[in-house]
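A closer look at the structure
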Amino acid sequence: MKKDDYQISRILSRNFDDSMTDRVHTQKPYASKGQRNLKNAGDGIFQDGGEQMLLKLTKTSLGYAATFDIGLQMA
């Protein structure tokens, strides 16, 4: 992966707690793919500041919701 592509991936990545991702992977359509093979600790993007992008989920009547702030530099 080129450095610029990595930076874009890092910026666009949002992370979930491993326990939540494990729960999701027990549901369709993910369950048919088998056990997931990458936890946050082994994810290179997560290791490079991904904890700052860890979404705090709130249970809703429709599932889960999360919000996050972004900053824009208007040049």
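All values reported here derive from a predicted model rather than from experimental measurement.

Comments concerning the overall build of the protein chain
A tally of helices and strands in the protein chain yields three helices and two strands. Per-residue burial for the protein chain yields a buried fraction of 16% across its 75 residues. Accessible area for the protein chain stands at about 6500 Å²; split by element, carbon and sulfur atoms hold 54% of it.

Here's the deal with unusual backbone geometry
With an omega of -5°, the peptide bond running from Lys28 to Pro29 counts as cis. With respect to the helices and strands, Pro29 occurs in the loop between α2 (18–24) and α3 (44–47).

Regarding the layout of surface pockets
Roughly 350 Å³ of internal volume is contained in the largest pocket. Per-element accounting of the lining of the largest pocket gives the leading share, three residues, to α2.

Some remarks on the environment of Gln35
Tracing the backbone shows Gln35 in the loop between α2 and α3. Looking at Gln35, the relative accessible area reads 78%, which means it is exposed. Each C-alpha atom of the pair Gln35 and His25 lies 7.1 Å from the other, and the pair is 10 residues apart in sequence.

Comments concerning the confidence of the model for the protein chain
Of the residues in the protein chain, 81% have a pLDDT of 70 or more, and the chain-wide mean is 78. Of all the helices and strands in the protein chain, helix α1 (residues 3–12) carries the lowest mean pLDDT, 51, while strand β1 (residues 58–60) carries the highest, 91.

Quick look at the pattern of salt bridges
Tallied over the entire structure, the rule returns three salt bridges. In this structure, Asp18 and Arg36 form a salt bridge, with 2.8 Å as the shortest nitrogen-oxygen distance. Of this pair, Asp18 sits in helix α2 while Arg36 sits in the loop between α2 and α3, and the two are 18 residues apart along the sequence. Between Asp22 and Lys39 there is a salt bridge, with its nearest N and O atoms 2.9 Å apart. Taken as a pair, Asp22 in helix α2 and Lys39 in the loop between α2 and α3 lie far apart in primary sequence, 17 residues in all. Owing to a relative accessible area of 30%, Asp22 belongs among the partly exposed residues under this scheme. One network of salt bridges, in which partners are shared, links Asp18, Asp22, Arg36 and Lys39.

About the criteria used
- Residues numbered from 1 in each chain as written.
- Predicted model: local features only at pLDDT ≥ 70, side-chain atom pairs only at ≥ 80, totals over all residues.
- Heavy atoms only, no water.
- Helix = DSSP H or I, 4+ residues; strand = E, 2+ residues; numbered from the N terminus.
- Buried < 20%, exposed > 50% of the residue type's maximum accessible area, 1.4 Å probe, protein only.
- Areas by Shrake-Rupley, 256 points an atom, 1.4 Å probe, with all protein chains shown as cover.
- 1 Å grid on protein atoms, 1.4 Å probe; cavity = no way out; pocket = protein on both sides within 12 Å on 5 of 7 lines; lining within 4 Å.
- Points joined across faces, edges and corners; volume = space filled by probe spheres on them.
- pLDDT = per-residue confidence, 0-100.
- Salt bridge = Lys/Arg side-chain N within 4 Å of Asp/Glu carboxyl O.

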